[in-house]
Amino acid sequence: MAIGEDRDAHESPPRGGRLAAAIAKTIPAACASALLLAAWELYARYGGAAPTMLPAPSRVLQQAWEHRAALADNTLPTIRATSAGFACSLVAAFVLSALVDFLAPLRRALFPLLIISQTLPLVAIAPLIVLWFGFGLMPKILLVALVTFFPMMVALVEGFAATSKAISQMLATMGAGRWRIFWLARLPSALPYFFAGLRISITYAVVGAIFAEYAGAAKGLGIYMLNAKNNFRPDLVLAAVAVSAALTLVLFAIAVLVQRFAMPWENAGSESRDGKVEAAEENRQ
């Protein structure tokens, strides 16, 4: 019984142990960021750089706090554009990837067009979309969708194609139709690919929204950065950049959490592997 309990302890570490391990994994990145900010602060203060050229992180933080109302007022439109555009991109990627999986000729017809769409430079297409659709929310949604759609689409298609043929054949012999095979086998098989594409796409979503605001908008972080740049306020530009980076990190964290809830079997497998590695290290010692 003691042996079994010891095995369970290795295979399923306590929640506190998992939290401590997760925190330990962030320590190298936190240390590297702290060193970078410290070097930046020292150079900005004692390296002879003018505040109008390279403001210190402490000044950026101070100005961000003093202008927090304006930053918040311009962050909300960017969040709306990012959320709406990414939601449309997500739905379109899933629907089109499913259609492509069911209809092979459609894949040969659509993929060249999708690849071409990714070669269009945003600096050229963004003003045109604003010209066609105005200064409202629609052009921002379209640009965010254009930037984030392709990685998820390709990831889903590759994930569907990676489904085990043995599982599909077994379900077919049991009388499952093509849609049921898709739901029970092909979709679960595509989930790891999908979340990999999702994490890539979501890092581009805020950037796409800000670029759309640069092309034309009344409010948003892009307009805030543009006005701060025109007023020679690099500290406010960097404050807006910090806010956009924080938004991207929050979206990335949400994607990771959704993956953990959507794929609990993968978390259990990784925890089991970690437990086996820890047990092997303890036995070696």
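Placed above this text is the structure.
Summarised in this report is the structure supplied together with it. Fair warning: this is a prediction, and the values are worked out from it, not measured in the lab.

### So, the pattern of salt bridges
Next up, step 1: Inspection of every chain in the model, using the stated rule, returns six salt bridges.
Next up, step 2: A salt bridge links Arg 107 to Glu 158, with the shortest nitrogen-to-oxygen separation between them at 3.7 Å. Pair noted here: Arg 107 is in helix 5 (residues 104-119) and Glu 158 is in helix 7 (residues 138-161), with a separation of 51 residues, a long-range link.
Next up, step 3: Owing to a relative accessible area of 38%, Glu 158 belongs among the partly exposed residues under this scheme.

### Description of helix 10 (residues 221-230)
Next up, step 1: Those residues of helix 10 not exposed but buried are Leu 221, Gly 222, Ile 223, Tyr 224, Met 225 and Ala 228.
Next up, step 2: For helix 10, the elements touching its buried residues are helix 4 (68-102), helix 9 (178-215) and helix 11 (234-262).
Next up, step 3: Where helix 10 terminates, the next one or two residues include Phe 232, which has phi positive at roughly 55°.

### Remarks on unusual backbone geometry
Next up, step 1: Phi angles above zero are rare outside glycine, and Phe 232 is one such case at about 55°.
Next up, step 2: As for its position among the elements, Phe 232 is in the loop between helix 10 and helix 11.
Next up, step 3: A residue is classified by how much of its surface remains accessible, and Phe 232, at 67% relative accessible area, is exposed.

### Observations concerning a nonpolar patch on the surface
Next up, step 1: A contiguous nonpolar patch, built from Leu 128, Leu 131, Trp 132, Phe 133, Met 138 and Leu 142 and spanning about 630 Å² of accessible area, is present on the exposed surface.
Next up, step 2: For the nonpolar patch, the element with the most residues is helix 6 (residues 122-133), which contributes four residues.
Next up, step 3: Position of Met 138 relative to the elements: it lies in helix 7.
Next up, step 4: On the basis of relative accessibility, which here comes to 43%, the residue Met 138 falls in the partly exposed class.

### Here's the deal with the packing of helix 10 against helix 11
Next up, step 1: The geometry of helix 10 relative to helix 11 is characterised by a closest axis approach of 8 Å and an angle of 160° between their N-to-C directions. With respect to each other, helix 10 and helix 11 are oriented roughly antiparallel. In the crossing of helix 10 with helix 11, the sense of the turn from one axis to the other is left-handed. Residue-level contacts link Leu 221, Tyr 224, Met 225, Ala 228 and Lys 229 of helix 10 to Leu 236, Val 237, Ala 240, Val 241, Val 243, Ser 244 and Leu 247 of helix 11.

Rules used in this analysis
- Residues numbered from 1 in each chain as written.
- Predicted model: local features only at pLDDT ≥ 70, side-chain atom pairs only at ≥ 80, totals over all residues.
- Heavy atoms only, no water.
- Salt bridge = Lys/Arg side-chain N within 4 Å of Asp/Glu carboxyl O.
- Helix = DSSP H or I, 4+ residues; strand = E, 2+ residues; numbered from the N terminus.
- Buried < 20%, exposed > 50% of the residue type's maximum accessible area, 1.4 Å probe, protein only.
- Contact = heavy atoms within 4.5 Å.
- Patch = residues over 30% accessible without salt bridge, like charges linked within 9 Å, V, L, I, M, F, W, Y side chains within 5 Å.
- Areas by Shrake-Rupley, 256 points an atom, 1.4 Å probe, with all protein chains shown as cover.
- Axes fitted to C-alpha atoms, helices over the stretch in contact; angles between N-to-C directions.
- Parallel < 35°, antiparallel > 145°, perpendicular 65-115°, else oblique.
- Left-handed = near helix turned anticlockwise from the far one by under 90°.

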